[in-house]
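As a plain string of letters, each chain reads:
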Amino acid sequence: MGIGPGSAIIIGIVALLIFGPKKLPELGKAMGSTLREFKNATKGLADDEEESKKVIETKKAEEK
C-alpha cells in the first residue's frame, strides 16, 4: 500500500506545525543517523549468519 505524495505532504505539514521550523532539521538528522545505525547492525547480523552457515557446510563436507 504505502504512503502517497498527498499523505507525505500532510505528514510534513503536521510535523512542521508540531515541532517548528528550527527543530525539524535536527529531528531529520537524528532519524537518519538512527536508520543508518539500524541498517549497519542488521547487516552485521546477516553477515554473521551467513558466515556460520558456511562453517557448518564446510564441516559437513569434511565429514563426508
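These notes cover the structure that comes with them.

Rules and cut-offs
Residues numbered from 1 in each chain as written. Predicted model: local features only at pLDDT ≥ 70, side-chain atom pairs only at ≥ 80, totals over all residues. Heavy atoms only, no water. Helix = DSSP H or I, 4+ residues; strand = E, 2+ residues; numbered from the N terminus. Rg over C-alpha atoms; globule rule 2.2 N^0.38 Å. Buried < 20%, exposed > 50% of the residue type's maximum accessible area, 1.4 Å probe, protein only. Areas by Shrake-Rupley, 256 points an atom, 1.4 Å probe, with all protein chains shown as cover. Lys, Arg positive; Asp, Glu negative; His and termini not counted. Charge placed at Lys NZ, Arg CZ, Asp CG, Glu CD. Expected span 1.5 Å × (residues − 1). Contact = heavy atoms within 4.5 Å. Salt bridge = Lys/Arg side-chain N within 4 Å of Asp/Glu carboxyl O.

Before going further, it helps to examine the overall build of the protein chain. Each helix and strand counted, the protein chain has two helices and zero strands in total. Computed over C-alpha atoms, the radius of gyration of the protein chain comes to 22 Å, more than 25% over the 11 Å expected from 2.2 N^0.38 for 64 residues, which places it beyond the range of a compact globule. Dimensions along the principal axes, computed over C-alpha positions, put the protein chain at roughly 65 × 25 × 10 Å. Across the 64 residues in the protein chain, those meeting the buried criterion constitute 2%. Put simply, the protein chain shows about 6,100 Å² of open surface, and 65% of that area lies on carbon and sulfur atoms. Here the protein chain holds 11 positive side-chain charges and 10 negative ones, and the gap between their average locations is 9 Å.

It helps to recall that an α-helix has 3.6 residues per turn; residues three or four apart then point in one direction. Here helix H1 (residues 5-19) is 15 residues long and its end C-alpha atoms lie 21 Å apart, about the 21 Å a rise of 1.5 Å per residue gives. Where H1 terminates, the next one or two residues include Gly 20, which has phi positive at roughly 85°.

A separate point is the environment of Leu 24. Structurally, the position occupied by Leu 24 is in helix H2 (residues 24-63). Note on Leu 24: relative accessible area 28%, which makes it partly exposed. A C-alpha to C-alpha distance of 21 Å links Leu 24 and Gly 4, two positions 20 residues apart in sequence. Ignoring anything within four residues of it in the chain, the contact list for Leu 24 reads Ala 15, Leu 16 and Phe 19.

This structure, assessed with the given rule, holds one salt bridge. The shortest N-O distance in the salt bridge between Glu 26 and Lys 23 comes to 3.6 Å. Residue Glu 26 is classed as partly exposed on the basis of its relative accessible area, which comes to 49%. A relative accessible area of 42% means that Lys 23 is categorised as partly exposed.

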